[in-house]
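# Breakdown of the fold
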Amino acid sequence: MAECEVNYACACGKSMPLIHLFFCKYCVTLRCPKCVSHEVDSYYCPHCLENIPSAEAKSMKNKCQSCLECPNCTNILQVRSAQVPMVRREAGKVKGFGQFKKVYYLQCSFCFWTTRDVNQPDKAASNGPWIEPQVEDNWMSGIVNYYRHLIQKEKVEMEKRKRQRRGSFLGSLGISDKLLPFSKLARSSFSMNLTGTGQFDENIVNNFTPLEAEEETEPADEKYYTAPGEPYHYASVASRINQPSNEVYYACDLKPNCTHLMVKRSQRCRECEHNLSKPEFNPSSIKFKIHQIALRFVPRFRIVKMVSLKPGEFTKVHFSLTNPTEYNLPVELLPLPEGHPSYSKLTTEIKLPDKELMLAARDDTAQYDTDASIQDFDDDPDIVVARRMNKLTFVISVKPLGTSGSVIMGFQLKVQVQGYDSFYST
């Protein structure tokens, strides 16, 4: 049976596996994803791996204009070529030249959906961006225009308040505005708001009417109740959610979607504001400049074998500890204090080892060395079951207090990390 992970308690009290936690070596404590601040380092396309500046990504609505996704299965569309006859019009009639030209279109290699299925025109060149079809939405454009003018109005009012406070302060000192070492042109430019013009339409802000929900809706057409269903002709719910502005109902009306950009994030500790994780700038690189995950500093505690527990009786359960560091690590198991937030959730009574456990240092070449497997540690055979390289297997006696429900046990792990004694609740 595969080993089961044991949850570790974060500094905020939330418990999760060790692989999801960070270790702050400045605070010497564990940090969960909720205890760190996330910062965006760069935007990139997951398909073409092109770095995109933040301002350009914002203008493109966080989408890559060169890569399109299939609206049915969301796979990347591939460029395909075809030969079409060249035609010309003479006296209102279409005549052919007998020659062909090469055109390009997009096709999904998984479900074989093409842009020709939705009557999207072909391109004469294979390179260049495939622009996502834009849908005119007057209602959404009106909302965006309203908020744009509202922001302009708030900035102008904020600048006026700043000028009033500055004038009152100078007046209290007996200094006139005319005595300032600025020219009239400089004072007028200094009083302009952050947008540059400071102009907005008051009618758009005041005459904006929000939409209201209607109590009654239009009844559905009778054909949906009488006509036989054709599920393949209608767009799926997932495809319609990906295109909310189109409001499509049939699969033939679906349009290709631009690939959403992804971000490379860096995590920072909220207490000391030091970086815990910082990736490389190159999108094709999976390396990190800083990667302080807890799995590289704190011993990994796991359940080796699941056994059936009997209520009111002690049962030996096998656990394992793995040392991720390159030096011998002493570990001590202590009972959970009564003031701990998880103490009230415990449903078991446990007997912890009364001796300190010594974990061997991690050595990546030890598995190829036959002499490295022989380790001289003074282990108690009643506690330590097996030892191999930097992994130690031992037993803990567990007695469930209840007859039904979940079996929850907890204790503290005392480890010396970065020269300090650290306590981690599991």
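This text goes with the structure placed above it.
## Focus on the overall build of the chain
- Of the regular secondary structure elements, the chain holds 6 helices and 23 strands.
- Counting all 426 residues of the chain, 31% fall into the buried class.
- Taking contacts inside the chain between residues at least 6 apart in sequence as the whole, the part at least 24 apart equals 63%.
- Here the chain displays about 28500 Å² of accessible surface, and carbon together with sulfur accounts for 52% of that area.

## Some thoughts on the side chain of Gln-107
- Along the chain, Gln-107 falls in strand S10 (residues 93-108).
- Residue Gln-107 is classed as buried on the basis of its relative accessible area of 17%.
- Those residues in contact with Gln-107 that lie beyond four places of it in its chain are Leu-77, Gln-78, Arg-80, Phe-112, Trp-113 and Thr-114.

## Concerning the pattern of salt bridges
- Scanning the entire structure with this criterion turns up 4 salt bridges.
- Here Lys-278 makes a salt bridge to Asp-41, at a shortest N to O gap of 3.7 Å. On the criterion of sequence distance, the pair formed by Lys-278 in strand S13 (residues 275-279) and Asp-41 in strand S6 (residues 36-44) is long-range, its members being 237 residues apart.
- You can call Lys-278 partly exposed: its relative accessible area is 25%.
- Note that Asp-122 and Arg-116 form a salt bridge whose closest N and O atoms lie 3.1 Å from each other.
- The exposure class of Asp-122 is partly exposed, given its relative accessible area of 29%.
- Since its relative accessible area comes to 35%, Arg-116 is described here as partly exposed.

## Here we look at the nonpolar core
- Judged by nonpolar contacts, the single largest core of 32 residues is most densely connected at Phe-301 and Phe-394.
- For this core, the secondary-structure elements that each account for two or more residues are strand S15 (300-305), strand S16 (315-322), strand S17 (329-335), strand S19 (357-359), strand S21 (391-400) and strand S22 (411-417).
- For this core, the element with the highest residue contribution is S21, accounting for 4 residues.
- Leave out the neighbours within four places in its chain, and Phe-394 touches Phe-301, Val-317, His-318, Phe-319, Ser-320, Leu-321, Leu-333, Pro-353, Leu-357, Ile-383, Val-384 and Val-385.
- Counting residues in each nonpolar core, the second largest holds 9 residues, with Leu-106, Cys-108, Trp-113 and Val-118 among its members.

## Focus on the sheet that holds S6
- Reading across from one edge, S7-S6-S12-S13-S14 is the order of the 5 strands in this open sheet, with antiparallel pairing throughout. What marks the edges here is a single partner per strand, and that holds for strand S7 (51-52) and strand S14 (288-291).

## Observations regarding unusual backbone geometry
- Located in the positive-phi region is Leu-49, a residue other than glycine, with phi close to 55 degrees.
- Structurally, Leu-49 is set in the loop between S6 and S7.
- Residue class for Leu-49 comes out partly exposed when judged on its relative accessible area of 37%.
- At Met-389, a residue that is not glycine, the phi angle is positive and equals roughly 50 degrees.
- Along the chain, the position of Met-389 falls in the loop between strand S20 (384-388) and S21.

## What about the packing of aromatic side chains?
- One pass over the structure, following the stated rule, counts 6 aromatic pairs.
- Ring geometry for Tyr-146 and Tyr-147: centres 5.2 Å apart, planes at 70 degrees, overall edge-to-face.
- Residue Tyr-146 is classed as buried on the basis of its relative accessible area, which comes to 15%.
- The class of Tyr-147 is partly exposed, set by a relative accessible area of 47%.
- Across the ring face of Tyr-105, the terminal group of Arg-116 is positioned such that the distance to the ring centre comes to 4.4 Å.
- When the ring centre of Phe-314 is taken as reference, the NZ or CZ atom of Lys-351 above it lies at 4.3 Å.

## Observations regarding the pairing of S21
- Across the 10 residues of S21, 9 count as buried, placing the element largely inside the fold.
- As defined by bridge partners, S16 adjoins S21 across 8 bridges and the pair is classed as antiparallel. Each bridged residue has a counterpart across the sheet, and for Leu-321 the counterpart in S21 is Leu-392.
- Here S20 runs beside S21; their pairing, made up of 4 bridges, is antiparallel. Along S21, the bridge assignment pairs Ala-386 with Thr-393.
- The hairpin turn running from S20 into S21, its antiparallel successor, is 2 residues long, and Met-389 in that turn takes a positive phi close to 50 degrees.

Thresholds, definitions, all that
- Residues numbered from 1 in each chain as written.
- Predicted model: local features only at pLDDT ≥ 70, side-chain atom pairs only at ≥ 80, totals over all residues.
- Heavy atoms only, no water.
- Helix = DSSP H or I, 4+ residues; strand = E, 2+ residues; numbered from the N terminus.
- Buried < 20%, exposed > 50% of the residue type's maximum accessible area, 1.4 Å probe, protein only.
- Contact = heavy atoms within 4.5 Å.
- Areas by Shrake-Rupley, 256 points an atom, 1.4 Å probe, with all protein chains shown as cover.
- Salt bridge = Lys/Arg side-chain N within 4 Å of Asp/Glu carboxyl O.
- Core = buried A, V, L, I, M, F, W, Y, C linked by side-chain atoms within 4.5 Å.
- Pairing = 2+ DSSP bridges.
- Phe/Tyr/Trp six-rings, centres within 6.5 Å; stacked < 30°, edge-to-face > 60°.
- Lys NZ or Arg CZ within 6 Å of the ring centre and 35° of its normal.

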